[in-house]
Amino acid sequence: MMPCKSPISQMRRFGLALVLPATLLGALTFPSQLQTATAQAASGNRPLTIRSDVQEYDAKTQVITARGNVQMVYPARQLQATAAQAQYFSKERRIDFTGNVYILQQGNNSIRAEKVTYLIDEGRFVALPQTNRQVESIYMVEDSELDRQNNVSAPKTPALKPSN
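Given the structure is predicted, the values throughout are model-derived calculations rather than measurements. (Residues numbered from 1 in each chain as written. Predicted model: local features only at pLDDT ≥ 70, side-chain atom pairs only at ≥ 80, totals over all residues. Heavy atoms only, no water.)

Draft legend 1. Local environment of the pairing of strand 3 (residues 54-58). Pairing of strand 3 with strand 4 (residues 63-74), which is carried by five bridges, proceeds in the antiparallel orientation. What sits directly across from Tyr57, in strand 4, is Ile64. Here strand 3 folds back onto strand 4, and the loop between the two strands holds four residues, one of which, Gln62, carries a positive phi near 55 degrees. (Pairing = 2+ DSSP bridges. Helix = DSSP H or I, 4+ residues; strand = E, 2+ residues; numbered from the N terminus.)

This is the structure:
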């Protein structure tokens, strides 16, 4: 004797059969929507916002991985960054950027590299170039000596004496 399936059970299976492919199709069709994650430190609540095409979070390792058109903003450190990928290691308090990395700090200083590691607690960057290339950094340096010289007229150049 075969068990009798209720019409409700059959409808649920049919609905599930329709919903799963539609969900998968939607995920594949619209992957370019930016995902946003905001991480905050335990004390001080300083937001670190990451926007990207795709993001993953590993609860065991507490690592956020962002891929595709990554944009990061960390206002507490006056830091903005773009890259192909970024990983935020919350336990180590470190961010690894890879792929055409550009970092702008304090609105003036910048770094361009293939890979950059930002050590949050130390406020330190470690940048690595692509093969056979170099890292480029631009720093705005205040030079008080130059400022003083610009306010003073240049010294007179002695006249040239004719040679015999």
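We are not done yet, so read on.
Draft legend 2. Expanded view of the side chain of Thr65. Examined against the element boundaries, Thr65 turns out to sit in strand 4. When its relative accessible area of 8% is taken as the criterion, Thr65 is described as buried. A distance of 3.0 Å separates a polar atom in the side chain of Thr65 from a polar atom in the side chain of Gln87. (Buried < 20%, exposed > 50% of the residue type's maximum accessible area, 1.4 Å probe, protein only. Polar contact = N/O pair within 3.5 Å; in protein donor to acceptor, adjacent residues only side chain to side chain.)

Draft legend 3. Here's a closer look at the pattern of salt bridges. For the structure shown, the criterion picks out four salt bridges. Asp121 is the salt-bridge partner of Arg93, the closest N and O atoms lying 2.7 Å from each other. Taken together, the residues Arg93 in the loop between strand 5 (79-89) and strand 6 (94-105) and Asp121 in the loop between strand 7 (109-119) and strand 8 (124-128) connect sequence positions 28 residues apart. Of the residues examined, Arg93 reaches a relative accessible area of 22% and is grouped as partly exposed. Owing to a relative accessible area of 57%, Asp121 belongs among the exposed residues under this scheme. The shortest N-O distance in the salt bridge between Glu122 and Arg124 comes to 2.9 Å. Accessibility expressed as a relative area gives 56% for Glu122, which makes it exposed. (Salt bridge = Lys/Arg side-chain N within 4 Å of Asp/Glu carboxyl O.)

Worth remembering: the numbers are spatial, not functional.
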